[in-house]
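# Coordinates in review
Each chain is listed here by its residues.
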Amino acid sequence: MTTPQTGAQPKGAPYFDLSNLKGDLFGGLTAGIVALPLALAFGEASGAGPIAGLWGAIFVGFFAALFGGTGSQVSGPTGPMVVVFAGLYAALGGNPALVFGAVILAGLMQILLGFMRFGQYVKLVPYPVISGFMSGIGVIIIALQLARLFGHEPDGGGTIPAFTAVPGALMDPNFIAVGIALLTLGIVFSWPKKFAAYVPGPLAALVIGTLVSIAIPGAPLLGDIPTGFPSFVLPAVNVDSALIVIEAAFILAVLGSIDSLLTSLVADNMTRTRHQSNKELIGQGIGNALGGFFGAIPGAGATMRTVINIRSGGRTRISGMTHALVLLAIVISLGPLAAKIPHAVLAGILVKVGVDTIDFSYLKRAHKGPRWDLGLMVLVLGLTVFVDLITAVAVGVVLAALAFIKNLADDQIKAVQEDEPRLSTEEETQILSRSGGRVMMFDFGGPLSFGAAADLGHHVRSKASDKVEIIILDFSRVPFIDVSAVRAVETIVEDAADSGKQVYVTGLNESVGQVLHQFATGLPGSKEKQFDTRLDALKAAVTRLEPSRA
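All figures in this text were calculated on a predicted structure; none of them were measured in a lab.

### Some remarks on the overall build of the protein
Helix and strand counts for the protein stand at 22 helices and six strands. Taking 550 residues into account, the globule formula puts the C-alpha radius of gyration at 24 Å, and the protein, at 30 Å, lies well above it. Taken over the C-alpha atoms alone, the protein extends approximately 105 × 60 × 50 Å along its principal axes. When the 550 residues of the protein are sorted by exposure, 53% land in the buried category. Once local pairs closer than 6 in sequence are excluded, the contacts in the protein between residues at least 24 apart make up 84%. For the protein, the exposed surface amounts to about 24800 Å²; the carbon and sulfur share of it is 64%.

Pasting the structure below:
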């Protein structure tokens, strides 16, 4: 049996593991070739230009691999990050100092999140929320490309302007662009797998579509693209735009962190390793912060490129760094050729990216699961498309948490209402029967939450009839308790005292007992009313009642 690695490399191993050098170099080369058309397309969709997409893949890809915590991960521009960045770019009028100042700030926030150990909390985001916002991002990516498929540009950077531009594009199409777009879509959606091992579908579409455009001119082209190394961008923030910059930076930081760590989980499953989530956030932050200084669009862990890297032999950080160096060589040597790429080709490639981003695997099975989860997913999807991403995620997480608390509270109330406590032994059942209904035991059946607190006292009061003389509160399965629940317990004790009933307490662990005795008043404090097990409490209760029965 093999032990999974902890972190990006085994403990004590060198920072650069050369044992898989051949696989890492080939994996990085393959991932770099796949990343080329995607980086160009994402750069064009962002508004900053294709070269900004390439530099984003280079900076984030290299430094996230160098400093990150997932050995086989390949990073670069992704659909979710580009959607947010495109909105920011449009809102700030393309001002480089402001736009890339937000990217730098987002990178610094990611570094801070890594040092604050935020990585462990990403797993708490419910799957329907993740599925909803990822699917919503897929819809946005497709919407932003619809007009470009017909040779037009959408009016503005939002989803609604993109949809409203479609009727005009349909009425006045550029037929050469439409033909190239259909050719591109046909290639990316139906490229044979046996060819994909040698030439990825997006790259084939890029080359074939560009050659067709050269042979049959008329479709809008990218035009001149700067070559050589990028210029330094000095960030700046003014009072009027500070709120937009900070909000966008926060969204980019959180979204990039979630996107990267979800990809890290995919890499873990494929390589049987275990990533270091907080180190990964630091690496991603360094890549985005440095890239922002040079006009590179932000990026994150890219699932498809990571999977291709792993399947091609990549296992360590060397593969991700190689992928970035391959793109750097392409930028320096082949930049002028990119000017002849038609917009329609990149639009077709991005439509495929958008379709792949939509969580069809969940949608196909959603009718078999809880309807609430499907409703939550659709709600988050709608908010992502028509409002904004941060609102969608915030609303989704809050509603999911409230739904979980409601289910937990219902289960707790159900446990209190049952005639016999859950997990009762035969001896406990016999003692309760022998008491003739004068002893009532309440099993709280799990963590006492604020969700159950409001009704807890009512249900205990209604069940403990006048005949009951001793109430036993069983905390055996209560690992923690909040203030709302403490107040509910306090109410139960006060009601019992008012009606002449005694209260025994059993199964308190140290933390629950400390909270109860420090915060609540009127709880049983004497040792003869506190017991380690409920069997002891039952025996003591019956013993106490037997003289009165006589």
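### Brief notes about the sheet that holds strand β6 (residues 530-531)
In space, the four strands of this open sheet follow the order β3-β4-β5-β6, with parallel pairing throughout. With one partner strand each, in any of the chains shown, β3 (439-443) and β6 form the two edges of the open sheet. Examined bridge by bridge, strand β4 (residues 470-474) and strand β5 (residues 502-506) share five bridges and lie parallel to one another. When the bridges of β5 are listed, I471 appears paired with V503.

### Considering the packing of helix α2 (residues 50-67) against helix α11 (residues 277-292)
Running from N to C, α2 and α11 cross one another at 150°; their axes reach a closest spacing of 7 Å. In the packing of α2 onto α11, the handedness of the crossing is right-handed. Together, F59, V60, F63, A64 and F67 of α2 and K279, G283, Q284, I286, G287, N288, L290 and G291 of α11 make up the contact between the two elements. Looking at the contact of α2 with α11 residue by residue, the classes come out as seven nonpolar, five polar and one charged.

### Some details on unusual backbone geometry
Phi at R117 takes a positive value of approximately 60°, unusual for a residue other than glycine. Within the secondary structure, R117 sits in the loop between α4 (96-115) and α5 (127-149). The backbone of R272 shows a phi angle near 60°, a positive value even though the residue is not glycine. If you trace the backbone, R272 turns up in the loop between α10 (242-271) and α11.

### What about the pattern of salt bridges?
One pass over the full model with this rule turns up nine salt bridges. Here R534 makes a salt bridge to D443, at a shortest N to O gap of 3.8 Å. Note that R534 is positioned in helix α22 (residues 534-549) and D443 in strand β3, a separation of 91 residues in sequence. For the pair shown, R534 and D443 are each scored as buried.

### A short note on the environment of P220
By the secondary structure assignment, P220 is in the loop between α9 (201-215) and α10. With relative accessibility at 31%, the residue P220 sits in the partly exposed group. Those residues in contact with P220, other than ones at most four positions away along the chain, are G151, N174, A177, P342 and H343.

### Quick notes on the environment of L535
Residue position: L535 is located in helix α22. Distance in space between the C-alpha atoms of L535 and S19 is 60 Å, their sequence separation being 516 residues. Leaving out residues up to four positions away in the same chain, L535 has contacts with E427, E428 and I431.

### Quick word on a nonpolar patch on the surface
Taken together, the side chains of Y15, F16, L18, L21, L25 and F67 define a hydrophobic patch exposed on the protein surface, amounting to about 530 Å² of accessible area. Position of L18 relative to the elements: it lies in the segment before α1 (21-46).

### Re the pairing of β3
Along β3, five of the five residues are buried, which leaves the element largely enclosed by surrounding structure. Examined bridge by bridge, β3 and β4 share five bridges and lie parallel to one another. Paired with M440 across the strands is I471, a residue of β4.

### Observations regarding the packing of aromatic side chains
To describe a pair of aromatic rings, you give the distance between the ring centres and the angle between the ring planes. Tallied over the entire structure, the rule returns 13 aromatic pairs. Where F62 meets F63, the ring centres are 5.2 Å apart and the plane angle is 80°; that geometry is what we call edge-to-face. Relative to Y362, the ring of Y127 has its centre 5.8 Å away and its plane inclined at 70°; by these criteria the two rings are edge-to-face. Linking Y127 in helix α5 with Y362 in helix α15 (residues 360-365), this pair joins segments that are 235 residues apart in sequence.

### Section: the nonpolar core
Ranked by internal contacts, the top residues of the largest apolar core, which has 92 residues, are L54, F133, L206 and L346. Not counting the four nearest positions on each side in its chain, L54 is found in contact with L36, A39, L40, L327 and V331. In terms of nonpolar packing, the next biggest core, distinct from the first, is built from 25 residues, I413, F442, V460 and I492 among them.

### Side note on the environment of P479
Its place among the elements puts P479 in the loop between β4 and α20 (483-498). We classify P479 as partly exposed; its relative accessible area is 41%. For the pair P479 and N509, spaced 30 residues apart in sequence, the C-alpha separation works out to 7.1 Å. If near-sequence neighbours (up to four positions away) are discounted, P479 is found in contact with G446, P447, N509, S511 and V512.

### A closer look at the confidence of the model for the protein
Any region with low pLDDT has predicted coordinates that should not be read closely. On average, residues of the protein score 84 in pLDDT, and 91% of them reach the 70 mark or higher. Here residues 1-8 scores under 50 on pLDDT; set against residues more than four positions off or in separate chains, the count is 17 contacts.

### Describing the pairing of β5
Across the five residues that make up β5, a large majority, four, are buried. Regarding topology, α20 serves as the crossover connection from β4 to the parallel β5, and that connection is right-handed. Inspection of the sheet shows β5 paired to β6 by two bridges, in the parallel sense. What sits directly across from V505, in β6, is Q530.

### A word on the packing of α4 against α10
Viewed as axis vectors pointing N to C, α4 and α10 meet at an angle of 50°, and their least axial separation amounts to 8 Å. As the angle between them shows, α4 and α10 are arranged oblique. At the point where α4 passes α10, the crossing takes the right-handed sense. Note on element contacts: α10 touches α4 through V245, I246, A249, F250, L252, A253, G256 and S257, opposite L98, A102, L105, A106, M109, Q110 and L113.

Definitions and cut-offs
- Residues numbered from 1 in each chain as written.
- Predicted model: local features only at pLDDT ≥ 70, side-chain atom pairs only at ≥ 80, totals over all residues.
- Heavy atoms only, no water.
- Helix = DSSP H or I, 4+ residues; strand = E, 2+ residues; numbered from the N terminus.
- Rg over C-alpha atoms; globule rule 2.2 N^0.38 Å.
- Buried < 20%, exposed > 50% of the residue type's maximum accessible area, 1.4 Å probe, protein only.
- Contact = heavy atoms within 4.5 Å.
- Areas by Shrake-Rupley, 256 points an atom, 1.4 Å probe, with all protein chains shown as cover.
- Pairing = 2+ DSSP bridges.
- Axes fitted to C-alpha atoms, helices over the stretch in contact; angles between N-to-C directions.
- Left-handed = near helix turned anticlockwise from the far one by under 90°.
- Nonpolar A, V, L, I, M, F, W, Y, C, P; charged D, E, K, R; others polar.
- Salt bridge = Lys/Arg side-chain N within 4 Å of Asp/Glu carboxyl O.
- Patch = residues over 30% accessible without salt bridge, like charges linked within 9 Å, V, L, I, M, F, W, Y side chains within 5 Å.
- Phe/Tyr/Trp six-rings, centres within 6.5 Å; stacked < 30°, edge-to-face > 60°.
- Core = buried A, V, L, I, M, F, W, Y, C linked by side-chain atoms within 4.5 Å.
- pLDDT = per-residue confidence, 0-100.
- Right-handed = clockwise from strand over helix to strand, strands pointing away.
- Parallel < 35°, antiparallel > 145°, perpendicular 65-115°, else oblique.

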